[in-house]
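# Topology and contacts: notes
Single-letter residue listing:
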Amino acid sequence: MRRVGRNLRQTPVLCSAAIGTVAVALMIIGFFAIVVINVQQVAQQWSREIQVVAYFDKVPDTHKVQQWKTKLEAMAEIERVQFVSRDDAFKRFKKRLGADADLLEGVGTDFLPASLEIVLFKDNQNKLGVESVVQQLKQIPELADVSYEPEWLERFDAFVGLLKVAGIVFGGFLLFAALFIVANTIKLTLYARREEIEIMTLVGGTPLFIKMPFLIEGALQGIVGGLLALVGVWMVFTLVLQEGLYGILIVTGTDGILFLTPPQQWGMVFCGLILGLTGSVLSLRKFVRI
Amino acid sequence: MIQLYNVCMSYQKEATALQEFSLKVPKGDFLYLTGPSGAGKSTLLKLLYGAVKPTRGQILINGMNITRMRSWRIPMLRRKLGIVFQDFKLISTRTLFENVAFPLEMQGKKRYEISNKVYQALKHVGLQGKLNRFPLQLSGGEQQRAAIARALVTDPLILLADEPTGNLDDEVTCEIMELFKGANARGTTVLLATHNREIIRRYPRRIVALDKGRLVDDHTP
């Protein structure tokens, strides 16, 4: 640790450059993560709205409704089933019309069909899950129509898939770019000390003894860079990003903008450590040769 | 102490640095490796401290066959050697004390032991008053004396010197040669590569002459 301290004091500029590189790289990844997390949150909210509605031709009796409810709720894909009577449907419609509810004056309360609203489990809230349920519903002859908006489902599935792929590709690319920059910055610090490394090997320093301070140094730089990135992301989030993202996502009906969770924050610092350490390992391979 | 048997060394297919080179150096010997530039003097020294491996042949140092030595054991070999270069190879950002302490730090010695040994080594070369100076604040002769102190601080079995007086004037050269003589008198085997005939004349010792990688002469005047 004494040698690490001395090394850091001797090359403050290069050391700061390495820390700065880690910090900037992780800040970019942090911003991207916040955007992805919030868009995913919106996607989750949307997915909660995915449901199947089965309309009845004629009003069924209470006993039969209860029978169907029990039968449907026994299905693996279905979380709960709610019966909506003609009256309930009318009341909902009236409420939704709000100030224009007077349009319904003179219209009977039984013009809307009774229905079963079926909510699927989270894992089945996709095209495949919905279609499987619809297939089974269509076998009940009393049901006139089953509504499940297949096109919207397809688009939703595609959007979630795209988001996942974009997250992996862009995040991976950013991490790789960060690693490349960090490794090269550390290589510069090693280049500045190549004379020292050469002499260490000539006077009998073992590779581990020579490499250890540089590895600790890389790890420390990574941790400091990760912490700085966290502080930076938090500051920019509080000052700009939170309001900016809310302004964009408000139309989607989001509850609020999320910051990184504590495990994600630790993950960011850990990522800094791994970046610094890997950067040092990659660079040392070339410089320490016995 | 040192035995070389039919050692061949070539950096590329065409350029052969050493050819069928054999030599025996008993413990406590002092010998000059001499010859024109490109004769193979530096290559021979590099082979002895394990910086390069021979293409063919065997090299034994203190009973260890270093041609078969795994790379992780090379540092252990170097701890038994002291090496002095023409360009001193001192770390410019470290004080004289820190430079000389370096080999002892590598060996994991205790701090009080390091302080004691470094002070003695610097006193021996007459630099005890300049412990906290940096190499660039010293003259060439002083830097080479510091490099010798670093090479001798571990009490090595063998001292290898590659043109140690190449950059120094006559007066300083004599001071440096006295230090090598002293180390040899205390039992260290010394191999000194030089093409300075004046040194060889003033300090006559066994001479091993090389030319184009071959041993051309081996005699003691």
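Scroll up to find the structure this text is about.
Presented here is a report on the structure given in the accompanying data block.

Definitions and limits used
- Residues take numbers from 1 onward in each chain, read along the sequence in its written order.
- Each chain takes a letter, starting from A, and each ligand takes a number, starting from 1, following the order in which they are written.
- Thresholds applied to this predicted model are a pLDDT of at least 70 for local features of residues and 80 or more for the giving and counting of side-chain atom pairs; totals over whole chains, interfaces and linings are not thresholded and use all residues.
- Secondary structure counts use DSSP, requiring at least four H or I residues in a row for a helix and at least two E residues in a row for a strand, with both numbered from the N terminus.
- Partly exposed residues are those falling between the two cut-offs: more than 12 but fewer than 20 other C-beta atoms within 10 Å of their own, whereas 20 or more means buried and 12 or fewer means exposed, with C-beta atoms placed from the backbone.
- Placing C-beta atoms from the backbone, we regard two residues as in contact once those atoms come within 7 Å.
- Here the nonpolar group is Ala, Val, Leu, Ile, Met, Phe, Trp, Tyr, Cys and Pro; Asp, Glu, Lys and Arg are the charged ones; every other residue, Gly included, is treated as polar.
- Should DSSP find at least two bridges between two strands, the strands are regarded as paired.
- Structural elements are reduced to axes, namely lines fitted to C-alpha atoms, with helices fitted over the stretch in contact, and the angle between N-to-C directions of any two is expressed from 0 to 180 degrees.

Residue and element names in this part refer to chain B. Its identity as a non-glycine residue notwithstanding, F88 has a phi of 65 degrees, on the positive side. Mapped onto the elements of the fold, F88 is located in the loop between strand 6 (81–85) and helix 3 (96–106). Residue classification places F88 among the buried positions, given that 21 C-beta atoms sit within 10 Å. Notably, K89 is not glycine yet its phi reads approximately 50 degrees, a positive angle. The topology assignment puts K89 in the loop between strand 6 and helix 3.

This next bit is on the interface of chain A and chain B. Each partner contributes residues to the interface: chain A has twelve residues there, and chain B has 13 residues. With five residues, the single largest contributor to the side of chain A that touches chain B is helix 7 (residues 194–202) of chain A. A class-by-class count of the residues in the side of chain A that touches chain B yields six nonpolar, four polar and two charged.

Bringing the sheet that holds strand 1 (residues 51–56) of chain A into the picture now. Residues and elements named next belong to chain A. If you walk across this open sheet you meet the four strands as 2-3-1-4, and the pairing is antiparallel. Pairing within the sheet leaves two strands with one partner each, and these edge strands are strand 2 (78–84) and strand 4 (143–147). Taking the axes of each pair of neighbouring strands and ignoring which way they run, one obtains an average angle of 20 degrees across the sheet. Where strand 2 lies against strand 3 (residues 115–120), six bridges are found, and the strand directions are antiparallel. Within strand 3, the position partnered with F83 by the bridge is L116. Against the sheet, helix 3 (residues 62–73) engages strand 2 and strand 3, with an angle of about 165 degrees to strand 2.

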